[in-house]
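Geometric and topological summary
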Amino acid sequence: MASLQARPSCGYSDGWRSLLTNPQSAAPGEPSTGAPLAVAVRGVTKVYRRGIEEVRAIDDVTFDIRRGEFLAITGHSGAGKTTLLQLIGAMDTPTSGSILINGHELADMQDSKLTRLRRDEIGFVFQHFGLLPTLTVAENVALPASFGGKRKPPDVKALLERVSLQHRMTHRPSELSGGEMQRVAIARALVNGPSLLLADEPTGNLDSGTSERIIDLLQSLNGDGLTVVVVTHNEALAAKSDRRLLLRDGKAEG
Ligand SMILES: Nc1ncnc2c1ncn2[C@@H]1O[C@H](COP(=O)(O)OP(=O)(O)OP(=O)(O)O)[C@@H](O)[C@H]1O
Ligand SMILES: [Mg+2]
C-alpha cells in the first residue's frame, strides 16, 4: 500500500490530498485497513445492445479500491477492461449494480454533480493520448480546467515540471515522442487535482524504456497519495501495483 502522507513537492493542486484525511467507514463486511474507500463497485453488469445482439461486457463484478491504492486491471482483449474503467470514471452507466466514488452513489447524482465529480475528482488517461493537435502542450494540459465556469487558473508549468516536460510547453503534440505525449496526457488528467487517476493502457504504445519512465511516474504519483487504477497488459507495470484484478469475459477473478 502506498504511503498516504502528503508530500509538499508535488507541485500541482492539492485538492485530492484533503480527501485523504477525510475519514470514511469501510463498507459492510470489509476489513478495516485504515484507508477509506475511493471506489466501491457492487454487482455491476454492463450489457451493450445493438439490435437483437447483446454483449455482456461486465458481468456482476464486485470489488473495492481503497484511497491511496494502486490497482492493475488485467485480462485478455475484449475482457471488459476499458468498459470497467469507463464505468468507474462515470463516463458510462452500468446496466445494473452500483458504483460509489468517495462514498457517493453515482446513480443518485444529478447531472451537474456528476459533471463536477468527473471534472474535480477523476483524471482519465486515454490509451491513444487524446491530445488536440492544434493546441500546444500547455494549452492541452490547461483545457480541462476551463470546463465549468470560473476557476483559479491551473499552474500548468508546475504540472509539466511534475512530468519532466517543462521544456516542451509551446510544442504541438505532433512534435513529441509517444512517451512525451503520454506524459502530457497524464499532466492533463491531473490539472483539476483529482483524487483518482484512471489510465487505460498507459504504456500500450510505448517501447520498454519509455514505458519504464511512465511506470515510474505513475508510481511516484501514487506515492504522493493519488489513487491509481491502470488497465494494462504490461507485466512490469502490473508488478508495481498493490493488487491486481483479472477480468475474464466480463467476470472478475482474483
Ligand atoms: N460501444 C459498444 N457497443 C457494443 N459492444 C461493445 C462496445 N464497447 C465494447 N463492446 C464490447 O464489449 C466487450 C468488452 O470491450 P472492452 O473494450 O471493454 O474490452 P477490453 O478488455 O478493453 O479489450 P482491449 O484489451 O482489446 O482494449 C467486447 O466484446 C467489445 O466488443
Ligand atoms: Mg480496452
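Preceding this section is the structure that the text describes.
Anyway, here's the lowdown on the structure attached to this text. (Residues numbered from 1 in each chain as written. Chains lettered and ligands numbered in written order. Predicted model: local features only at pLDDT ≥ 70, side-chain atom pairs only at ≥ 80, totals over all residues.)

**Brief notes about helix α6 (residues 178-189)**
Along its 12 residues, α6 runs 17 Å from first to last C-alpha, staying within 8% of the 16 Å computed at 1.5 Å per residue. In terms of burial, α6 is a largely internal element, 11 of the 12 residues being buried. Taken residue by residue, α6 has G179, E180, M181, Q182, R183, V184, A185, I186, A187, R188 and A189 as its buried positions. If you follow the buried residues of α6, they end up packed against β6 (122-125), α4 (137-142), α5 (156-162), β7 (196-200) and α7 (208-223). (Helix = DSSP H or I, 4+ residues; strand = E, 2+ residues; numbered from the N terminus. Expected span 1.5 Å × (residues − 1). Buried ≥ 20, exposed ≤ 12 C-beta atoms within 10 Å, placed from the backbone. Contact = placed C-beta atoms within 7 Å.)

**Thoughts on the environment of L206**
Tracing the chain through its elements places L206 in the loop between β7 and α7. On the basis of neighbour count, L206 is assigned to the buried category, with 20 C-beta atoms found within 10 Å. Expressed as a C-alpha distance, the spacing of L206 and G178, which sit 28 residues apart in the sequence, is 6.5 Å.

**A short note on the sheet that holds strand β1 (residues 37-50)**
Across the sheet, four strands lie side by side as β2-β1-β4-β5; this open sheet has antiparallel pairing. The open sheet is flanked by β2 (53-66) and β5 (104-105), the only strands paired with a single partner. With two bridges joining them, strand β4 (residues 96-101) and β5 adopt antiparallel strand pairing. Directly across from L100, in β5, lies its bridge partner E105. (Pairing = 2+ DSSP bridges.)

**Focus: the site of ligand 1**
Surveying the vicinity of ligand 1 reveals the residues Y48, R50, V55, A57, G75, S77, G78, A79, G80, K81, T82 and T83. The set of elements that each furnish at least two residues to the shell around ligand 1 consists of β1, β2 and α2 (81-88). Residue contributions to the shell around ligand 1 peak at three residues, all from α2. Residues that form the shell around ligand 1 fall into these classes: four nonpolar, six polar and two charged. (Near = placed C-beta within 6 Å. Nonpolar A, V, L, I, M, F, W, Y, C, P; charged D, E, K, R; others polar.)

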